[in-house]
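Structural description and commentary
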Amino acid sequence: MCDQTFLAVVFGPCDKCFKEKPLRAVYIKSEQLSYCSLCVEMMATEGLRENETLASLKNEAESLKGKLEEERAKLHDVELHQVAERVEALGQFVMKTRRTLKGHGNKVLCMDWCKDKRRIVSSSQDGKVIVWDSFTTNKEHAVTMPCTWVMACAYAPSGCAIACGGLDNKCSVYPLTFDKNENMAAKKKSVAMHTNYLSACSFTNSDMQILTASGDGTCALWDVESGQLLQSFHGHGADVLCLDLAPSETGNTFVSGGCDKKAMVWDMRSGQCIQSFETHDSDINSVRYYPSGDAFASGSDDATCRLYDLRADREVAIYSKESIIFGASSVDFSLSGRLLFAGYNDYTINVWDVLKGSRVSILFGHENRVSTLRVSPDGTAFCSGSWDHTLRIWA
Amino acid sequence: MTISAVTPGVIRTASDHAVCSLACRVVTKVFSRAGAWSRWQTMSTTNNIAQARKLVEQLRIEAGIERIKVSKASSELMNYCEQHARNDPLLVGVPASENPFKDKKPCIIL
């Protein structure tokens, strides 16, 4: 099923024994070193305790997994939609496209709202990153990235900068300036360096730190000014496709989803994975925290969206229908958390009642798959970007 | 000392018709010399031990966290929804005059 990628050979002096040999990259406390294969083997077997063979470790892993399942099952006394039966059902929703933002030359891959609830940054396959004013649909800034497939873009909390990246394996920060004479590309700052494509990026609570997720299977926290790596998060077994920061002001956790079907919750300070959830049947394309921060939703290629509660440590709801067979590319909650908007690869947007688990509405309008979807910071509207080269604002 | 060696990953070849909007990865075959294959194999075993040990440690951490019942967690999610429902413009709808995106009624010139 999975092919193995082979690393490109790098010859050089080993950092440990200083002999000229083919090198492997090794990470020790987030520092990258190059060891030859012999030194890697010696290091790995150094701490091996007695009786610890591969088989015994595997057995222990299996028994721990079993115990984990048992513990989780013990607390599974009722389903969310059963508890939600006493809540009023939602009425009919009429949501229409209020604005269409046209201007991208190719598929729109990612978008983000500014905290001023008005500006939007979007990036596309042709390498262009555009900042729009969503009220007037005017384009305020446009930057051409040196690479195509700009898969991630984010607005800084202050509204003064944007970050974007994609196939260039980097995350670049551009300060936004209204000076017509200034070339935005000239002030570009390369912040993150990964060994594979950048799939998602997000500023933390300030303009000074950026969290990135990459196809190399890691997430990383960077300092914008110096470009230094502050913390790296290893644990995913395949490409990481999405991430979302916990909403609280003091929050220092984030959730990431990847091609290994796992969603993992990380502590930003220690770099440790706190919880992981593996119930999806396919790649997780999008994760988003519930507004209270106690749960998160994920959208996946297996055509379902699922809600995971962090304190119950399990999946509590599945949003799926037999008629939906295309993957969900992007999910977001409304302000109160009652509605879940999900964009699918069958060109539609489904609106789900989070508590009852039923579909409330289905929105048509895009002419190709919906690749990204975000609700505005004040909750008055949401914007969806699609492979049909446009963004639509719905309210 | 935490070690995490870069392990062989997953190939995803993509085109517009592919599963997701990911890019092609360049594959470069490495060990084309005789005798290198056995070295690769011993490396894989060592990596597997290190990986297995990390997995066991991670599972131990996860098994030890505090959990609450689903009923309690669900009711808290519901309470949050109910508390914030009236402030949710997409849920309750705001009048057209307050929503910057909805078109206001055109002025009638008397």
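Residues numbered from 1 in each chain as written. Chains lettered and ligands numbered in written order. Predicted model: local features only at pLDDT ≥ 70, side-chain atom pairs only at ≥ 80, totals over all residues. Heavy atoms only, no water.

1. Observations regarding the overall build of chain B
The test is simple: Strands here are runs of E lasting at least two residues and helices are runs of H or I lasting at least four, both read from the DSSP assignment and numbered beginning at the N terminus. Here's how the labels work: a residue is buried when its accessible area is under 20% of the maximum for its type, exposed when over 50%, partly exposed in between, all with a 1.4 Å probe on protein chains only. With residues, only the protein chains shown are counted as cover, and all accessible areas are computed by Shrake-Rupley using a 1.4 Å probe.
Counting its regular elements, chain B contains three helices and one strand. Counting across all 110 residues of chain B, residues that qualify as buried make up 35%. Here chain B displays about 6,900 Å² of accessible surface, and carbon together with sulfur accounts for 56% of that area.

2. Observations regarding the nonpolar core
For clarity, the threshold we go by: Buried Ala, Val, Leu, Ile, Met, Phe, Trp, Tyr and Cys residues that are joined via side-chain atoms within 4.5 Å together make up what is termed a nonpolar core. Only heavy atoms enter the contact rule, under which two residues are in contact if any of them lie within 4.5 Å.
Residues Tyr290(A), Cys305(A), Leu307(A), Tyr319(A) and Leu340(A) are the most contacted members of the largest nonpolar core, which totals 31 residues. Among the secondary structure elements, those contributing two or more residues to this core are α3 (80–83), β22 (295–300), β23 (305–309), β24 (314–319), β25 (328–333) and β26 (339–344) of chain A together with α2 (70–84) of chain B. It is α2(B) that contributes the most residues to this core, six residues altogether. Those residues within four positions of Tyr290(A) in sequence are excluded, and the remaining contacts are Pro247(A), Ala295(A), Phe296(A), Phe333(A), Ser336(A), Gly337(A), Val354(A), Leu77(B), Tyr80(B) and Cys81(B).

3. Topic: the UniProt feature "repeat: WD" (unreviewed entry) in chain A
Going by this rule: UniProt positions are given in the numbering used here, feature names are shortened, and annotations may be inferred rather than shown by experiment.
Those residues carrying the UniProt feature "repeat: WD" (unreviewed entry) are residues 101–133, 191–232, 233–276, 277–318, 330–362 and 363–395 of chain A in this numbering. Across residues 101–133 of chain A, the secondary structure splits into 0% helix and 61% strand, with the terminal C-alpha atoms separated by 9 Å.

4. Notes on the environment of Ser172(A)
All names here are of chain A. Within the secondary structure, Ser172 is located in strand β11 (residues 170–175). Taking the C-alpha atoms as reference, Ser172 lies 9.4 Å from Met193; in sequence the two are 21 residues apart. Apart from the residues within four sequence positions on either side, Ser172 is in contact with Met145, Ile162, Ala163, Cys164, Lys188, Lys189, Ser190 and Val191.

5. Some remarks on the sheet that holds strand β10 (residues 161–165) of chain A
All names here are of chain A. As a reminder of what qualifies: Any two strands with at least two DSSP bridges between them are considered paired. Simply put, an axis is a line fit to the C-alpha atoms, just over the touching stretch for a helix, and the angle between two N-to-C directions goes from 0 to 180 degrees.
In space, the four strands of this open sheet follow the order β9-β10-β11-β12, with antiparallel pairing throughout. Edge positions in the open sheet fall to β9 (152–155) and β12 (189–193), since each of these has one partner strand only. The sheet shows a mean angle of 20 degrees between the axes of neighbouring strands, direction not considered. Both β11 and β12 contribute to a ladder of four bridges, which runs antiparallel. Considered in β12, the bridge of Cys171 is made with Ala192.

6. Comments concerning the sheet that holds strand β31 (residues 390–394) of chain A
Residues and elements named next belong to chain A. One open sheet holds the four strands; their spatial order is β4-β31-β30-β29, and the pairing between them is antiparallel. Because the sheet does not close on itself, it has two edges, and the strands there are β4 (97–102) and β29 (370–375). For this sheet the average axis-to-axis angle between neighbouring strands, irrespective of direction, equals 20 degrees. Sheet topology note: the β4/β31 ladder contains five bridges and is antiparallel. Considered in β31, the bridge of Leu101 is made with Leu391.

7. Quick word on the packing of aromatic side chains
All names here are of chain A. Basically, it comes down to this: Paired rings are identified among Phe, Tyr and Trp, the last through its six-membered ring, by centres lying within 6.5 Å, and are further divided according to the angle between planes into stacked (under 30 degrees), edge-to-face (over 60) and tilted (the rest). For a ring to carry a charge above it, either NZ of a lysine or CZ of an arginine must fall within 6 Å of the ring centroid while also lying within 35 degrees of the normal to the ring plane.
The full count for this structure, using the stated rule, is 14 aromatic pairs over all chains. When the ring of Phe254 is compared with that of Trp266, the centres are 6.4 Å apart and the planes differ by 20 degrees; the resulting orientation is stacked. Of this pair, Phe254 sits in strand β18 (residues 253–258) while Trp266 sits in strand β19 (residues 263–267), and the two are 12 residues apart along the sequence. The buried category is assigned to Phe254, whose relative accessible area is 0%. Given a relative accessible area of 0%, Trp266 falls into the buried group. Ring centres 6.0 Å apart and planes at 50 degrees place the aromatic pair Tyr319 and Trp352 in the tilted group. In this pair, Tyr319 is assigned in strand β24 and Trp352 in strand β27 (residues 349–353), connecting sequence segments 33 residues apart. In this structure, Tyr319 and Trp352 share a single accessibility class: buried. Through a chain of ring-to-ring contacts, three or more aromatic side chains come together here, namely Phe277, Tyr289, Phe296 and Tyr308. In this arrangement the basic side chain of Lys107 is found over the ring face of Trp387, its NZ or CZ atom lying 5.1 Å from the centre. The positively charged end of Arg369 is found above the aromatic ring belonging to Trp387, 4.2 Å away from the centroid.

8. Regarding unusual backbone geometry
Residue and element names in this part refer to chain A. For Phe18, which is not glycine, the phi dihedral falls at a positive 65 degrees. As for its placement among the helices and strands, Phe18 is situated in the loop between β1 (11–13) and β2 (20–28). Residue classification places Phe18 among the exposed residues on the basis of a relative accessible area of 63%. Positive phi values are uncommon outside glycine, yet Lys261 reaches one of about 70 degrees. Take Lys261: it is sitting in the loop between β18 and β19.

9. Quick look at the side chain of Arg338(A)
Stated precisely, the cut-off is as follows: N or O atoms within 3.5 Å of each other form a polar contact, as long as, within protein, one can give a hydrogen and the other can take it, and as long as residues adjacent in sequence are counted only when both atoms are side-chain atoms.
Residue placement: Arg338(A) occurs in the loop between β25 and β26. Taking relative accessible area as the criterion, Arg338(A) reaches 7% and is therefore assigned buried. A polar side-chain atom of Arg338(A) sits 3.1 Å from the main-chain carbonyl oxygen of Glu88(A). Leaving out residues up to four positions away in the same chain, Arg338(A) has contacts with Val87(A), Glu88(A), Leu90(A), Trp352(A), Asp353(A), Val354(A), Leu355(A), Lys356(A), Cys81(B) and Leu91(B).

10. Focus on the confidence of the model for chain A
Under the convention used in this document: Values of pLDDT, which run from 0 to 100, indicate the predictor's confidence residue by residue.
Here chain A averages 89 in pLDDT, while 94% of its residues score no lower than 70. Low pLDDT (under 50) marks residues 1–5 of chain A, which in the prediction has 14 contacts with non-local residues, meaning those over four places away or in another chain.

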